[in-house]
Amino acid sequence: MHKQKTISTEFSLHGKGLHTGLNIHMRFLPAPENYGYKIKRIDIEGEPVIDALAENVIYTQRGTVAGKDDVQVGTIEHAIAALYAAEIDNCLIEVDAPEFPILDGSARFFSEAIERAGSEEQNAPRDYYVVRHKIEVTDEKSGSSLVILPDDKFSMNVLISFNSPVLSNQYASLTDISRFTDEMAASRTFVFVHEIEMLRKNNLIKGGDLDNAIVIYDRKMPQEELDRLTDEFGLPHYDCNKLGYVNDKPLVCDNEPARHKLIDVIGDIALIGKPVKGHIIATRPGHKINNQLARLIRRDIKMNEIQAPIFRSEDPPVMDINRIRELLPHRYPFLLVDRIIEIGGNHIVGIKNVTVNEPFFQGHFPQEPVMPGVLLVEAMAQTGGLLVLNSVDEPERYSTYFMKIDGVKFRQKVIPGDTLIFRLEMLAPIRRSISTMKGYVFIGEKIVCEAEFMAQIIKNK
């Protein structure tokens, strides 16, 4: 079982900038479990801590910005992409910088700082967003589209396309997030010469220079005008008849711009607040459409706050019926768990195949067979009992007994032919032989029942 992680590290970054130097200081601070990413500007007194979540994004041009009341802070997508790729789940990001979305124009510096610091494992399972169905956003005006599809891990394909003789079509892919530091992190942001003046007038790219950004000259202009721009922004003079990259420093790789766009997508998608198991296909991505997809996913998370476990009938069980019979004292007609397919330190997933031959259908009800709700609660409790017994030595010598049941809700009836998926999770560590749990029953992706339990573990006589 994958556990959540946090981190503690502090570092500074100095960028020469187009005009003057920028000194940037950052700290990645440890955060409690289920805290997510939060950002605090410490260069401005009294600024609140802001959740880096998709619904807080209010501005997306040249970098995402999260807001709270009248406060706005850039979400530093390059830093968040590096944290996400390193599987850091919880972190308070403190930033002291006049403009921090650009920083060094890539995720390289952050990935290196994270690798040096290492991470700290926490006592909570990673809560993944598992893509169950296709989600798509498109922008007909720009030709941009993002599609996310089911997959058993996180992966991505990115295609960029510009009306430019220097940078037209490029493609980048990431099939394994563990390769992020080696394959993606060093890829720098890029800017076209004809965009520079507009960006500077809007008080952007203050920390950009030829080391941390790729500058592309793709539209011919008079030599005098080009010289004026390059002088104003500290760039070397460049032959106005020669289209290409202004940088003296060569590209990290032939498709560096596409790889950088991939970093941007990761940083923006990380704003959903959970690691993703899914495959993203991004065509002409940008911060605006990236955040549209992230907000759709956040909406899906809220509508399906508890995701159903994945059940494939061909996968071998963690506990088969014979092992279940060794641990539980229940027998026909009251043994209501057929197999256990997943078990961790504080959660368990079980399966019950409901057939028309169940004895309770003879009287409940003969003309419209419905599984009694009380038996759904009992089946959850048996599954939870297997989790508790799995945590003690010599489990065959113990039994579990109900002490309390709270918050029971029935959302859908269960009928013959249904396959029930039970997910039980500890609400607190076992103390004085008392266990508390939250349980859910699913059919497919729908919750049909939920309840909270308190049980006592007693040694058999």
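Scroll up for the structure.
Residues numbered from 1 in each chain as written. Predicted model: local features only at pLDDT ≥ 70, side-chain atom pairs only at ≥ 80, totals over all residues. Heavy atoms only, no water.

Digging into the overall build of the chain
So, point 1. Of regular secondary structure, the chain possesses nine helices and 25 strands.
So, point 2. When the backbone C-alpha atoms are referred to their principal axes, the chain occupies close to 90 × 45 × 40 Å.
So, point 3. Here the chain, with 461 residues, has 51% of them falling under the buried criterion.
So, point 4. A fraction of 71% describes how many contacts in the chain between residues 6 or more apart in sequence connect residues 24 or more apart.
So, point 5. Distance between charge centres in the chain, computed from 54 positive and 65 negative side chains, equals 4 Å. (Helix = DSSP H or I, 4+ residues; strand = E, 2+ residues; numbered from the N terminus. Buried < 20%, exposed > 50% of the residue type's maximum accessible area, 1.4 Å probe, protein only. Contact = heavy atoms within 4.5 Å. Lys, Arg positive; Asp, Glu negative; His and termini not counted. Charge placed at Lys NZ, Arg CZ, Asp CG, Glu CD.)

Concerning the sheet that holds strand S6 (residues 57–59)
So, point 1. A sheet is described by the order of its strands in space; here three strands give the open sequence S6-S7-S8, paired in antiparallel fashion. Every interior strand has two partners, whereas the edge strands, S6 and strand S8 (71–74), have only one. Here the strands of the sheet are splayed against their neighbours by 45 degrees on average, with no regard to which way each runs.
So, point 2. As paired strands, strand S7 (residues 65–68) and S8 are joined by four bridges and run antiparallel to one another. Looking across to S8, one finds that lysine 68 is bridged to valine 71. (Pairing = 2+ DSSP bridges. Axes fitted to C-alpha atoms, helices over the stretch in contact; angles between N-to-C directions.)

Things to note about the packing of aromatic side chains
So, point 1. Counting across every chain of the model gives 12 aromatic pairs.
So, point 2. One aromatic cluster is present, formed by Phe11, Phe28, Phe109 and Phe110 through successive ring pairs. (Phe/Tyr/Trp six-rings, centres within 6.5 Å; stacked < 30°, edge-to-face > 60°.)

Some remarks on the sheet that holds strand S16 (residues 189–192)
So, point 1. The sheet built from three strands is open, its strands ordered S16-S17-S18 with mixed pairing. Taken across any chain shown, the strands that pair with only one partner, and hence form the sheet edges, are S16 and strand S18 (244–245).
So, point 2. Note that S16 and strand S17 (residues 213–217) share four bridges and pair parallel. Bridge pairing in S17 links threonine 189 to alanine 213.

A few points about unusual backbone geometry
So, point 1. Of note, the bond from tyrosine 332 into proline 333 is cis; its omega dihedral lies within 30 degrees of zero at 5 degrees.
So, point 2. Of note, proline 333 is situated in the loop between helix H8 (321–327) and strand S20 (339–343).
So, point 3. With an omega of -5 degrees, the peptide bond between histidine 364 and phenylalanine 365 qualifies as cis.
So, point 4. Take phenylalanine 365: it is sitting in the loop between strand S21 (347–353) and helix H9 (373–389).
So, point 5. One non-glycine residue, asparagine 34, adopts positive backbone phi at about 60 degrees.
So, point 6. Of note, asparagine 34 is situated in the loop between strand S3 (22–30) and strand S4 (37–41).
So, point 7. For asparagine 34, a relative accessible area of 61% translates into the label exposed.

Section: the packing of helix H1 (residues 77–85) against helix H6 (residues 256–269)
So, point 1. Here H1 crosses H6 at 80 degrees, and the two axes come no closer than 7 Å. On the basis of their axis angle, the class for H1 and H6 is roughly perpendicular. Residues Glu77, His78, Ile80, Ala81 and Tyr84 of H1 pack against His260, Ile263, Asp264, Ile266, Gly267 and Asp268 of H6. (Parallel < 35°, antiparallel > 145°, perpendicular 65-115°, else oblique.)

Quick word on the pairing of strand S12 (residues 135–139)
So, point 1. Sheet analysis places S12 next to strand S13 (residues 144–150), joined by five bridges and oriented antiparallel. Pairing of threonine 138 across the sheet is with serine 145, part of S13.
So, point 2. Where S12 folds back onto S13 in an antiparallel hairpin, the turn is made up of four residues, including glycine 143, whose phi is positive at roughly 80 degrees.

Section: the side chain of aspartate 218
So, point 1. Positionally, aspartate 218 belongs in the loop between S17 and helix H5 (223–232).
So, point 2. Side chain to side chain, aspartate 218 and serine 164 meet in a polar contact 2.8 Å long.
So, point 3. Of note is the side chain of aspartate 218, whose polar atom sits 3.4 Å from the side chain of histidine 194.
So, point 4. If near-sequence neighbours (up to four positions away) are discounted, aspartate 218 is found in contact with Ser164, Pro165, Val166, Phe192, His194 and Leu243. (Polar contact = N/O pair within 3.5 Å; in protein donor to acceptor, adjacent residues only side chain to side chain.)

Comments concerning the pattern of salt bridges
So, point 1. Following the criterion strictly, the structure yields 24 salt bridges and no others.
So, point 2. Salt-bridge contacts for arginine 323 lead to glutamate 326; the nearest nitrogen and oxygen are separated by 2.8 Å. A residue pair is termed a helical-turn pair when its members lie 3 or 4 positions apart in one helix, as arginine 323 and glutamate 326 do in helix H8 at three residues.
So, point 3. The salt bridge involving lysine 404 is made with aspartate 406; its shortest N-O contact spans 3.4 Å.
So, point 4. For lysine 404, a relative accessible area of 43% corresponds to the partly exposed category. (Salt bridge = Lys/Arg side-chain N within 4 Å of Asp/Glu carboxyl O.)

Points about the environment of tyrosine 171
So, point 1. Relative to the helices and strands, tyrosine 171 is located in strand S15 (residues 169–174).
So, point 2. With 12 residues separating them along the chain, tyrosine 171 and leucine 159 place their C-alpha atoms 4.6 Å apart.
So, point 3. Look past the residues within four positions of tyrosine 171 in its chain and what remains in contact with it is Asn157, Val158, Asn255 and Ala258.
So, point 4. A distance of 3.1 Å separates the side chain of tyrosine 171 from the side chain of asparagine 157, its partner in a polar contact.

Quick look at the side chain of arginine 298
So, point 1. Here arginine 298 is to be found in helix H7 (residues 287–303).
So, point 2. Looking at arginine 298, its side chain comes within polar contact range of the main-chain oxygen of isoleucine 272, at 2.9 Å.
So, point 3. If we ignore the near neighbours within four places in the chain, the residues touching arginine 298 are Leu53, Ala54, Glu55, Leu271 and Ile272.

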